[in-house]
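Structure at a glance
Spelled out, the chains give:
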Amino acid sequence: MGALQVLIMANYLGIDVGSITTKLVMLSESGQVLAKTYLRNSGRPIEAIQQGMEDILAQLGKTVPIDGVATTGSARHLAAYLVGADLIKNEITAHAIAVIDFLPEAKTIIEIGGQDSKVIVLRNGVVVDFAMNTVCAAGTGSFLDQQAARLGISIEAFGDLALKANHPVRIAGRCTVFAETDMIHKQQIGHSVEDIVAGLCDSLVKNYLNNVCRGKEVLSPIVFQGGVAANRGIHKALEKELEASFIIPKHFDVMGAIGAAKLVKRARPSETKFRGFDLLRKSCSTRGFECGECENQCEVIELLVDHQVVACWGDLCERYRYAQKG
Amino acid sequence: MKVTFPHLGSMHIFCKAIAETAGIPYIVPPETSRKTLTLGVLHSNESICLPFKIILGNFIEALQMGADTIVMVGSGPPCRLGLYDLVQRVILEEMGLHYRWLTIPPRLTWQAIWKNHEETKELRKELSAKNILLFPYGLWMGWKKMIACETLEQLAMKVRPMESEKGETQRRLKKALSWVDEAKTPRAVEEAIRKGESLLQDMKQDHSRIPFKVAIVGELYTVMDPHINRGVEQKLGELGVEVTRTSWFSTHILRTLRKNKADQASERVRFFEASKAYLGYDVGAECNVSIGEAIWRSKEGYDGVVHLMPFACMPETTASGILNKVGKDWDIPILTLILDEQEIEGRIQTLLEAFVEMLEWKRRAA
Amino acid sequence: MEEKGCLGIPRALMFYRYFPFWRTFFERLGWKVVVSDGTIRREKIVFFEDSCLPMKLLVTHAVQLREKVDHLFIPRLVSIHRTYIMCPKFRGAPDVVRLATEGKVSVIDETIDLRKGGLSLLQSFLKIGEKLGSTRQEGKKAFREAEHSFNGFQRGWVDRINQLPTRHLFEMDIPIPAQRSRQGCPEPYMVQGATSSVEVGGKEIGAPLHVALIGHPYNLFDADINKDILSLAKNLGMKILTSDLLTEKEIDQELSDLSKEIYWSSGREIVGSLFHFLSSGVDGVVFLTSFKCGIDALLQEFIKRRLKVRGGSSIPLLILSFDEHTGREGLTTRLEAFRDVMEEQKRLQIAKCKRM
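For clarity, every value in this text was computed on a predicted model and none was experimentally measured.

Secondary structure assignment for chain A yields 11 helices and 13 strands. Per-residue burial over chain A gives 46% buried out of 326 residues. Long-range pairs, those at least 24 residues apart, make up 64% of the contacts in chain A between residues at least 6 apart in sequence.

This next bit is on the interface of chain B and chain C. On the side of chain C, 36 residues touch chain B, which itself brings 34 residues to the contact. Contributions of two or more residues to the side of chain B that touches chain C are made by α4 (84–94) and α14 (314–329) of chain B. For the side of chain B that touches chain C, a count of residues per class yields 17 nonpolar, 10 polar and 7 charged.

With that settled, consider the domain arrangement of chain B. Residue and element names in this part refer to chain B. The domain architecture assigned to chain B consists of domain 1 (3–127), domain 2 (141–206) and domain 3 (210–365). Taken together, the 19 residues of domain 1 in the interface contact 19 residues of domain 3. If you list the elements that add at least two residues to the side of domain 1 that touches domain 3, you get α2 (34–42) and α3 (50–64). With 4 residues, the top contributor of residues to the side of domain 1 that touches domain 3 is α3.

Right, let's get into the environment of L127(B). Residues and elements named next belong to chain B. Mapped onto the elements of the fold, L127 is located in the loop between α5 (110–126) and α6 (129–159). Between the C-alpha atoms of L127 and G23, which are 104 residues apart in sequence, the distance is 9.2 Å. If we skip the residues at most four places from it in the chain, L127 touches I24 and I132.

Turning our eyes to something else, we now look at the environment of E105(A). With respect to the secondary-structure elements, E105(A) resides in the loop between α4 (91–102) and β6 (108–112). A residue is classified by how many C-beta atoms lie within 10 Å of it, and E105(A), with 10 of them, is exposed.

For the rest of this paragraph, the subject is the domain arrangement of chain A. Residue and element names in this part refer to chain A. The assigned domain composition of chain A is domain 1 (2–95 + 257–281), domain 2 (104–248) and domain 3 (284–325). Every contact between the two is made by 5 residues of domain 1 and, on the other side, 7 residues of domain 3. Elements that contribute at least two residues to the side of domain 1 that touches domain 3 include exactly α2 (45–60) and α3 (76–83). Broken down by element, the residue count for the side of domain 1 that touches domain 3 peaks at 3 residues, all from α3.

Angle between the axes and distance between the axes: these two values describe a pair of packed helices. All names here are of chain B. The geometry of α6 relative to helix α7 (residues 168–182) is characterised by a closest axis approach of 10 Å and an angle of 170° between their N-to-C directions. Of the possible angle classes, the one that applies to α6 and α7 is roughly antiparallel. In this structure, α6 uses K145, A148, C149, L152, E153, A156 and V159 to contact α7, whose residues at the interface are T169, L173, A176, L177 and V180. Looking at the contact of α6 with α7 residue by residue, the class counts come to 9 nonpolar, 1 polar and 2 charged.

A few words now on the pairing of strand β3 (residues 33–40) of chain A. Residue and element names in this part refer to chain A. Sheet topology places strand β2 (residues 21–28) next to β3; 7 bridges connect them, and they run antiparallel. Looking across to β3, one finds that T21 is bridged to R40. In this antiparallel pair of consecutive strands, β2 and β3, the connection spans 4 residues, and G31 shows a positive phi of 90°.

It is worth spelling out α7(B) at this point. Spacing of three or four residues puts side chains on the same side of an α-helix, whose turn is 3.6 residues. Residue and element names in this part refer to chain B. End to end, α7 covers 21 Å across 15 residues, agreeing with the expected 21 Å (1.5 Å per residue, within 8%). Buried residues of α7: T169, R172, L173, A176, L177 and V180, and no others. With its buried residues spanning 135° around the axis, α7 presents them on a single face. Opposite the buried face of α7, at more than 90 degrees from it, the exposed residues are K174 and E182. In this fold, the buried residues of α7 make contact with α1 (11–22), α6, α8 (186–201) and α10 (232–238).

Residues and elements named next belong to chain A. Spatially, 3 strands are ordered β11-β12-β13 in an open sheet, and the strand pairing comes out antiparallel. Across the chains shown, the open sheet's two edge strands, defined by having one partner strand only, are β11 (284–290) and β13 (308–313). Adjacent strand axes in the sheet meet at a mean angle of 25° when their direction is disregarded. Where strand β12 (residues 299–305) meets β13, 5 bridges bridge the pair, whose relative direction is antiparallel. What sits directly across from E302, in β13, is C312. Relative to β13, α3 is tilted by about 160°, and along the sheet it contacts β11, β12 and β13.

Reading guide: rules and limits
Residues numbered from 1 in each chain as written. Chains lettered and ligands numbered in written order. Predicted model: local features only at pLDDT ≥ 70, side-chain atom pairs only at ≥ 80, totals over all residues. Helix = DSSP H or I, 4+ residues; strand = E, 2+ residues; numbered from the N terminus. Buried ≥ 20, exposed ≤ 12 C-beta atoms within 10 Å, placed from the backbone. Contact = placed C-beta atoms within 7 Å. Nonpolar A, V, L, I, M, F, W, Y, C, P; charged D, E, K, R; others polar. Domains from an automatic or database assignment. Axes fitted to C-alpha atoms, helices over the stretch in contact; angles between N-to-C directions. Parallel < 35°, antiparallel > 145°, perpendicular 65-115°, else oblique. Pairing = 2+ DSSP bridges. Expected span 1.5 Å × (residues − 1). Arc of directions from axis to C-beta.

Below, the structure written as structure tokens:
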């Protein structure tokens, strides 16, 4: 039945490439998630996208026709050049779209991702305000990643460990360097790992609320999503601080990709620009060089698919981009 | 003697014109780049505002290229801008860079003129009679070029949301500004304006669009310099927004000379008056005007306001807290962007895209 | 006299200098003065704006008081000197508080701008008195008494700092305890004498180290900002001096050769007293700064560079930056290390003198 449905109905692919993770979602015409994948890109987004496509194919069991592709996330342009996207959308809107369809009465979206944390304020199914961290990453997932690595704990075990704490310690969290010094100190004076982990969760939550949510009206129902939503320690600490309980969507970790897929579904491209699933067998790479034409010394990047330059960016004066188009 | 000056928007074009016309040797610092910022950051600390770091970087680069005289516009209290020169001087001194410093007084008082006279005593010895004689003419050329740049930039802000091909306006504006830069006589400047205007207007445009109207308010340097604000004005324009701002060189210079046109002067007074509902005193710099302008833009039917400020800026920090409330009271979306040395261009793009998206939703709902 | 009601003063910013004055003034006018509690837990700080910690604490304290009092006293301190001004954030402080307390309490926000002339302080306070329903006569009387009480308080200041726990510094009713031992620190302030008194070689062990603490008064005396560095320092055997000991002339002397005048009065006090102490024979100087304080950030660079250009100082200087994340542990470590540096310096100095 599943395979049949895939064949006769339109399918949309949403790709969300963030700074730490890459998410892909295959959405059916009716808005159902047919396949999804969430993987770390380890600094190699192109390989992650290729891997993600392979995962999606494996879940579907066969190649399917695609009617539209949308990309989002901080590397949305790179992803779009690579796969041939019909729509490129910023991740704030993508996250909002995904939630509006899922829970129209939602008033606040809390999204804590790898290096970006956001708060989106919705009223009557429309975005009325939002904020994202700009200058500091202390209220984001990468903060947890780094500290977990230093404690030698897997990030997956992190949240549950925090729940076992009896007395969370206070950890300075303005920047990761501070946090590290503080954490080492707390370890040395004999605090338990559980208490330290819970302290780190509290620290992240406070940074998030103070840096990102400052001045925003956080009203219920609140939807909590993003990779960090799986972390029960953070979840509990946030709920306690906001004195509210959250709704965590089933596909909390790929909401951005879902939003992107929904947007391209709405746009209904007459013909998709998608390069096809063959892409994952092609050699894809980027090549950078420093342009010496002026003082800007732009780092120009070329994207190669099958040894052909398919796109180029990073040049402030756009001389290469221009040559590409012409 | 080799004069240099910091970058700020298109300021280098008309500063260069003054020096060139008067026959004074000059060095234009290399365009503000990553390297400039790195130099500035290296020699300051994290709570110092971004304009300080960039200006310092400009000076270091120019002095390393052989400039020996720094010309810098002074400014008054209460914000830090007024003490930039005090601190930058010791920093450069400590780095072993040698130069002379000339402050252009922010207000024309007798004290300031006297101080300026003292400062320029040595310098004037190096200038020929011809230099001094031509100086007023140089100023006039500088002024003409400044007006030319502003005219073209304002036109670009108007046509950018209509451009059929993204980035075309910016390419054409750059070309037009280079014509202004190359002009050697007042007549050539006039010609450059005329040519530039038609270059921008003749661009392929899509007149079916109804652009959003957004005002950019906030601290001067972040509003006026695209390197500091990572091209917010251009980015918004290319997202289909007609951008307005009230901070221009000419308005600020005329304001200090108390020679503003009645409407410009009264506009600032009007903004200031409006801010009184929230702020009982002049906090300094653009703080009150930012708040007042946001209120007025809401009354005038603008779709939104983008508020720019450097990280840890003293007056605008106060403004940002209050603007939060203004946005709610006056039902106008306000996006505050705090700018610092980090690589945040991608983030700014994302925030601006989401902001415009939000305006679209608001328009559709109405 | 019957009490007219409650007047709240947030324990923040210039409370840490002028509280004795304010309290006496309002009490003489028949108001019960209520001060917010100290030791705010980090979690409870109100983030109304993304300002420096001292400003955030003002908002936090004001919010804490808003239900308990009839009026909040947040003067608009534009200038507290006849020529120089305060940080621009002080100008908007009452407005920020008004928004943060959502108009739930009346805010007395009279402007104080001493640049307007010698009598302007009195005029401002008379207006405050009138707003609170007092006559000018009553106001004048209260003002004079406030001045008197403030001057008395100022005179005993250095003793208060060194002998009272930090939380009692501004408890005017608690007297300075009788001096337990005056060894090594004859009052008044003996810094000038210190350099010439090296012959008291026996003092080197156990003699207190004289440390000048420099910074905005709230950075110095608010334990919520500096994690009670005063008691830490005192426990490490340091005797504390502050710029309150210096005359305006002494401060100005250090600033006479600047290429541009520093126009913030607090900034002048910081730079002037810092350079004065560095050349006057104290054992060490500590500059306490707030992260995100515009004045501190800029002047800190100026101070560092100017010292280098002048060839450094033999007196150790420690610059500490505080924000809501600062922990007490790191502070102790740094202060202990600083004490060791000072002692080492002192030993070197004494050895040098003995050789001569």
